[in-house]
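Inside the fold
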Amino acid sequence: MPMRAPVITRLRRCVVALLVPALLVGAAPARAQPAGLPDLGDTAAVELSPRLEQRLGEAIMADGRRDPTYVDDPAIRQYLTTLGRDLAARGSGVASVEVFAIRDPSINAFAMPGGYIGIHSGLVLSTQNESELAGVVAHEIGHVGQRHVARRMAQQNQSSMLLLGMMAAALAAAAAGAGDLAQGAAVFGQAAAVNSQLSFSRDAEREADRVGLQMMTAAGFDPAGMSSMFGRMAQSGRFNTGAGPSYASTHPMSIERMSDMQNLSRASAVQAPRQSDTYWFVRAKLAVLQSGYSRAADPVGMLRAEASSHSGARAAAAHYGVAYGLLQRRDPAGARAAWQQAVAEGVQHPMLDQLGAELDLAENNVAAATQHAQAGAARWPQDRALAITEARMLQRAGRDAEAVQKLEPRLEQWGSDEPVLYRMAAESLARLGDPVREKRYMAEYYALVGALPASLIQLQQARAATHEFHEQSVLDARIAETKRRIEDDRAFTQKFER
Ligand SMILES: [Zn+2]
């Protein structure tokens, strides 16, 4: 397999050299030399077609999912992406949306090409209800739907060229990688930083507001959530506990913009706006996950105070957050006590059941953990985190055949959002001695996380291991398709070679 390492290295070096002075991202690698714009060859002539936009977005996200700031949590991922897709389905024209959280206390959000929307944990924590969060997500989807993101990428200014270069570096790394997932381009953090500092035109902002408000209203959120969120961000920097740039700086609040927003939301006020319990649970979990990346005080203390000043779902969620935080600190007894307080609020929630199983496991009670996870998964059949936990507990208990039985319908249903389901099924199949299915599932896993060469190797191994005619022809077709996709990626990244 020919390696493209020199291209990646060269691109990465240029990117690092340019970004270090611009973003003050910390110590520059010793080899980084100050340089001008990278020579991006024919980049300026590149048309950013929707298909290419999608592929670049996938490549940068393949890199992003390994970034330490990426919140790799199935419950949070399901909540945010479901919220985004629900909004996008209300006439935005956006076909594909994935919303993910970034561990960062600064209040910011950004949209990447391909419908990938990043929300900083600090932004989620600064919202006061679900409609405010929906306001920001809807606004970002508005930018995607109006093709602002794609149009900005096609501009020939320094930032756009830089972003395109970084995304191409991620794509080159994906096309070159021979199975080693650790070999990413490591440009996601920089791409996210550049993205979140770029502003759109005033007209684009107002268009995103307008489209976003329509989506919010159609989805049953309070449209006033958008103006209260943007208004509060503009008025006060005190919510911004991080050192990074803020959403308010790329989204200046003019008098016209505010009055447009208010007029539009008055015209379409929603009677009883949506407010899910999950919003509070996700917010509490993010408070814990953000700590360590934040100068802010201890999240457990903050959540305890929140629990004592509220009741119902919000209190249960805060107790849940305390329990989750204490479990992270290896205090299972304290975590158990807080979990019981959450249960005592009388609120039932899949995240509470999932944590219950984790607590059993921390107490070394695999049997109880398995039972808890199975009961939870049966009770909340649409919850992906519980489904993953259930399979993981069955695997721990040595019940691989049952784990595969549980995983197979779920990977059909959710595999593209949770590729780990394929990997888990492959792991059980390896232990059960079924190499063909094992390798086929690993191939799916690698393809979904953007590692096409690794996927190809698995498919070829599966092909060599099977003697069944139908399976052979299915695999032959998949092998041909994967080769074609790898060639497409190479053809594009070659435009960056000189
Ligand atoms: Zn905007």
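In short, a report on the structure. (Residues numbered from 1 in each chain as written. Predicted model: local features only at pLDDT ≥ 70, side-chain atom pairs only at ≥ 80, totals over all residues. Heavy atoms only, no water.)

**Concerning the overall build of the chain**
Quick note on the threshold: Strands here mean DSSP runs of E at least two residues long; helices mean DSSP runs of H or I at least four residues long; both are numbered from the N terminus. Think of it in three bands: with a 1.4 Å probe and only protein chains considered, a residue is buried below 20% of the maximum accessible area for its type, exposed above 50%, and partly exposed in between. Every residue pair with non-hydrogen atoms within 4.5 Å of one another is taken to be in contact. Values of accessible area rely on a 1.4 Å probe in the Shrake-Rupley scheme; residue burial ignores everything except the protein chains shown.
The number of helices and strands found in the chain is 24 helices and three strands. Here the chain, with 498 residues, has 56% of them falling under the buried criterion. For the chain, restricting intrachain contacts to residue pairs at least 6 apart in sequence, the fraction spanning at least 24 positions comes to 69%. About 20800 Å² of surface is accessible on the chain, with carbon and sulfur atoms providing 50% of the total.

**Side note on the nonpolar core**
Put simply, the test is: Residues belong to one nonpolar core when they are buried, are Ala, Val, Leu, Ile, Met, Phe, Trp, Tyr or Cys, and are joined through side-chain atoms within 4.5 Å.
With 73 residues, the main nonpolar core has Leu87, Ile119, Leu123 and Leu133 as its most contacted residues. Tallying contributions element by element places helix H15 (residues 312-328) first for this core, with ten residues. For Leu87, the residues in contact, after removing those within four places along its chain, are Ala134, Val137, Ala138, Ile141, Met215, Met216, Ala219 and Phe221. Judged by nonpolar contacts, the second largest core, of 28 residues, contains Tyr116, Met153, Phe188 and Ala192.

**Topic: the coordination of the zinc ion**
Selection rule: Metal donors: N, O and S atoms at distances within 2.8 Å, or within 3.2 Å for Na, K and Ca, with water omitted from the atom set so that some sites may seem incomplete.
Donor atoms from the polypeptide that bind the zinc ion are His139 (NE2), His143 (NE2), Glu205 (OE), Glu205 (OE) and His251 (NE2), placed at 2.0 to 2.7 Å. Mapping the donors of the zinc ion onto the primary sequence gives the spacing H-x3-H-x61-E-x45-H. A residue pair is termed long-range when its members are at least 10 positions apart, and His143 in helix H5 (residues 130-145) and His251 in the loop between helix H11 (247-250) and helix H12 (255-267) qualify at 108 residues. By relative accessible area, His143 is classed as buried at 0%.

**Regarding the environment of Arg103**
To keep things clear, this is the line we draw: Two N or O atoms count as a polar contact when they lie within 3.5 Å, although within protein this holds only if one can serve as hydrogen donor and the other as acceptor, and sequence-adjacent residues are included solely when both atoms are side-chain atoms.
Examined against the element boundaries, Arg103 turns out to sit in the loop between strand S1 (98-102) and strand S2 (109-112). Its relative accessible area of 17% is what places Arg103 among the buried residues. A C-alpha to C-alpha distance of 4.8 Å links Arg103 and Thr69, two positions 34 residues apart in sequence. At 3.3 Å, the side chain of Arg103 and the backbone oxygen of Pro68 are in polar contact. Within the structure, Arg103 has its side chain in polar contact with the backbone oxygen of Tyr70 (distance 3.5 Å).

**Topic: helix H23 (residues 452-465)**
Selection rule: Helices are assigned an expected span. That span is 1.5 Å times one less than the residue count.
Along its 14 residues, H23 runs 20 Å from first to last C-alpha, staying within 8% of the 20 Å computed at 1.5 Å per residue. Residues of H23 that are buried include every one of Leu452, Pro453, Ala454, Ser455, Leu456, Gln458, Leu459 and Ala462, and no others. Buried positions along H23 lie against helix H2 (50-64), helix H7 (158-176), helix H22 (435-448) and helix H24 (469-494).

**Overview of the environment of Leu421**
Its location among the elements puts Leu421 in helix H21 (residues 420-432). It is 9.6 Å that separates the C-alpha atoms of Leu421 and Val404, two residues lying 17 residues apart in sequence. Setting aside chain neighbours within four positions, we find Leu421 in contact with Ile388, Leu407, Arg410, Leu411, Trp414 and Gly415.

**Here we look at the sheet that holds S2**
To be explicit about the condition: When DSSP locates at least two bridges between a pair of strands, those strands are taken to pair. Inter-axis angles, ranging from 0 to 180 degrees, are taken between N-to-C directions of lines fitted to C-alpha atoms, where helices are fitted over the stretch in contact.
Pairing is mixed in the open sheet, where three strands are placed in the order S1-S3-S2. A strand with exactly one partner marks an edge of an open sheet, and here the two such strands are S1 and S2. Neighbour-to-neighbour, the strand axes of the sheet open up by a mean angle of 20°, direction not taken into account. When S2 meets strand S3 (residues 116-120), the two strands line up antiparallel, connected through four bridges.

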